Amino acid sequence: MRWKLSTVLTRSRSFSSMPVTRAVFFDVGGTLLHLDHDFILSCLADRGLVRDRAAFAAADRRGRVAMKTILQSSEPGDDAARWRAYAEAMLRHLGCEGEDAIAVRKRIGEHNKAGRLWAHAEPGTLATLDQLKRAGYIVGIVSNSDGRVHQFLEYAGLAGSLDFVVDSGAVGIEKPDRRIFDIACERAGVDPSEVVHVGDLYEIDIVGARSAGIEGVLIDPSDLHTGEDCTRIRAIPDMIPLLQQRVVP
């Protein structure tokens, strides 16, 4: 069941009391784009492990819990290490271990190398980006990636709805370092107080955005972050009513 907007807003400072928003920044992996779950399920099936999308969704949640545990530890590592931990926990929950896990991880790696792993956009994502553009917002990307995030967005059909992309692999700075957000603000030509950043990892997206003076919104469809002091949404289209609480530029 969808949250009511009023429920979401009680978890953060009211948007209506904040400066006018001129730009919206988005994370990519886990926010705008998601893993090609059908491909992963086919890899499992080829090993005799037949699973459905509900099983994958449960495994995805388990992987995110593993990632969150690392982020909250004394050694949070880098983005690549965290996603490896995610993949291991996700496959384990799907009953894929030992030689099966080695074979499936290899195929997933090849799919990623081909730029096809991060290929799934949830329904309403493209329409929301287009609606934000029509409303006059500057729409940009701030993503921890390997320099190919624009390629992923092109493949998924989202690149044409964006004004710019800041990829950590291209600029040499990863979130939560505030400098990657500073670069994005410079490209957008806006002050940090005029930006909302949307991402799926509290310790990376929300903490990083706040360090740069940017308001953060956490996309949290699985309710993993119910105790966090930030605005949460379940899906990208929820950004439209949320932003309507502010004055449109």
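Quick note: structure is the one above.
Residues numbered from 1 in each chain as written. Predicted model: local features only at pLDDT ≥ 70, side-chain atom pairs only at ≥ 80, totals over all residues. Heavy atoms only, no water.

Undergrad: Even after reading the chapter, I still don't get the pairing of strand β4 (residues 138–143), so can you show me in this structure?
TA: The buried fraction of β4 amounts to six of the six residues, a majority that puts the element mostly inside the structure. Neither face of β4 is exposed, since Ile-138, Gly-140 and Val-142 on one face and Val-139, Ile-141 and Ser-143 on the opposite face are all buried. Across four bridges, the pairing between strand β1 (residues 23–26) and β4 is parallel. For Ala-23, the partnering residue across the bridge sits in β4 and is Ile-138. As defined by bridge partners, β4 adjoins strand β5 (residues 164–167) across four bridges and the pair is classed as parallel. By the bridge assignment, Ile-141 is partnered in β5 with Val-165. Where the polypeptide runs from β4 across helix α7 (residues 149–156) and back to β5, its parallel neighbour, the crossover connection is right-handed. (Buried < 20%, exposed > 50% of the residue type's maximum accessible area, 1.4 Å probe, protein only. Helix = DSSP H or I, 4+ residues; strand = E, 2+ residues; numbered from the N terminus. Pairing = 2+ DSSP bridges. Right-handed = clockwise from strand over helix to strand, strands pointing away.)

Undergrad: So what exactly am I meant to see when it comes to the state of the cysteines here?
TA: One covalent bond between the sulfur atoms of two cysteine residues makes up a disulfide. One pass over the full model with this rule turns up zero disulfides. Summary of cysteine pairing: Cys-96 is not part of a disulfide, and the nearest cysteine sulfur, belonging to Cys-43, is at 9.1 Å. Judged by its relative accessible area of 2%, Cys-96 is buried. Left unpaired, Cys-185 is separated from the closest cysteine sulfur, that of Cys-230, by 18 Å. Assessed through its relative accessible area of 5%, Cys-185 is described here as buried. (Disulfide = S-S within 2.5 Å.)

Undergrad: Would you take a moment to explain the sheet that holds β4 for this structure?
TA: For sheets, the rule is that strands pair by backbone hydrogen bonds, running either parallel or antiparallel. Pairing is parallel in the open sheet, where six strands are placed in the order β5-β4-β1-β6-β7-β8. Each edge of the open sheet carries a strand with a single partner, namely β5 and β8 (231–233). Direction aside, neighbouring strands of the sheet carry axes that sit 25 degrees apart on average. Bridging between strand β7 (residues 215–219) and β8 involves three bridges; their strand directions are parallel. Opposite Ile-219, over in β8, you have Ile-233 as the bridge partner. Against the sheet, helix α9 (residues 178–188) engages β1, β4, β5 and β6 (195–199), with an angle of about 165 degrees to β5. (Axes fitted to C-alpha atoms, helices over the stretch in contact; angles between N-to-C directions. Contact = heavy atoms within 4.5 Å.)

Undergrad: For this particular structure, what's the right way to read the environment of Leu-44?
TA: When you line up the elements, Leu-44 lands in helix α2 (residues 37–46). Along the sequence, Leu-44 and Thr-125 sit 81 residues apart, while their C-alpha atoms lie 28 Å from each other. Once residues within four sequence positions are removed from consideration, Leu-44 is found in contact with Leu-49, Arg-51, Leu-91, Leu-94, Cys-96 and Val-104.

Undergrad: I would appreciate a short explanation of unusual backbone geometry in the present structure.
TA: One can expect most non-glycine residues to show negative phi and most peptide bonds to be in trans. Each neighbour pair has its own omega, and for Lys-175 with Pro-176 the value is 15 degrees, a cis peptide bond. Structurally, the position occupied by Pro-176 is in the loop between α8 (168–171) and α9.

Undergrad: Explain the nonpolar core here, please?
TA: Note that soluble globular proteins tend to have their nonpolar side chains buried in a common cluster. Of all hydrophobic cores here, the largest spans 51 residues; its most connected members are Phe-26, Leu-153 and Met-239. Broken down by element, this core gets its largest block of residues, five residues, from α2. If we skip the residues at most four places from it in the chain, Leu-153 touches Val-28, Leu-33, Ile-141, Leu-158, Ala-159, Leu-162 and Val-165. Grouped together as the second largest cluster of nonpolar side chains are 17 residues, Phe-25, Ile-173, Ile-180 and Val-195 included. (Core = buried A, V, L, I, M, F, W, Y, C linked by side-chain atoms within 4.5 Å.)

Undergrad: Please explain the packing of aromatic side chains as it appears in this structure.
TA: Geometry of an aromatic ring pair is reported as the spacing of the ring centres plus the angle between the planes. Under the definition given, this model contains three aromatic pairs. Judged by centre distance (4.9 Å) and plane angle (70 degrees), the ring pair of Trp-83 and Tyr-86 falls under edge-to-face. Highlighted residues: Trp-83 and Tyr-86, both in helix α4 (residues 79–93), separated by three residues, approximately one helical turn. By the burial criterion, Trp-83 is buried, and Tyr-86 matches it. Residue Trp-83 is classed as buried on the basis of its relative accessible area, which comes to 17%. (Phe/Tyr/Trp six-rings, centres within 6.5 Å; stacked < 30°, edge-to-face > 60°.)

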